[in-house]
Amino acid sequence: MNASQITAFQANGGFTPSAVSVVLVGAVFAVLLLWGVWALRAAYVGWSEQRITQRQFLGVAVRFVAMYVVLTFFLLS
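A short tour of the structure in this document, coming up. (Residues numbered from 1 in each chain as written. Predicted model: local features only at pLDDT ≥ 70, side-chain atom pairs only at ≥ 80, totals over all residues. Heavy atoms only, no water.)

1. Quick word on the environment of A42
Here A42 is to be found in helix α2 (residues 17–48). Separated by 18 residues in sequence, A42 and V60 have C-alpha atoms that sit 9.8 Å apart. (Helix = DSSP H or I, 4+ residues; strand = E, 2+ residues; numbered from the N terminus.)

2. Some remarks on the packing of aromatic side chains
Overall, the coordinates contain eight aromatic pairs when judged by the stated rule. Taking 5.6 Å as the distance between ring centres and 15° as the angle between the ring planes, the aromatic pair formed by W47 and F57 counts as stacked. You can see W47 sitting in helix α2 and its partner F57 sitting in helix α3 (residues 54–76), a full ten residues away along the chain. Given the relative accessible area of 33%, W47 is considered partly exposed. You can call F57 buried: its relative accessible area is 17%. Among the aromatic residues, ring-to-ring pairing joins F29, W35, F64 and Y68 into one connected group. (Phe/Tyr/Trp six-rings, centres within 6.5 Å; stacked < 30°, edge-to-face > 60°. Buried < 20%, exposed > 50% of the residue type's maximum accessible area, 1.4 Å probe, protein only.)

This is the structure in structure tokens:
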């Protein structure tokens, strides 16, 4: 965006584009963490009731950590 577009955006919205970016990135991470807690809890309940193996539980945990690391790399770099 050029300077006049940024000025128009701020005049009409009342906030800067960088503030919107921070809010959107924060929302993405909040949703990812909520989903991760839900997935890990569901996997833990399945593991504790012996419906899934320990290997499957660790697979869920590793996939969540990998998604979090990749998303952090792409959104915060």
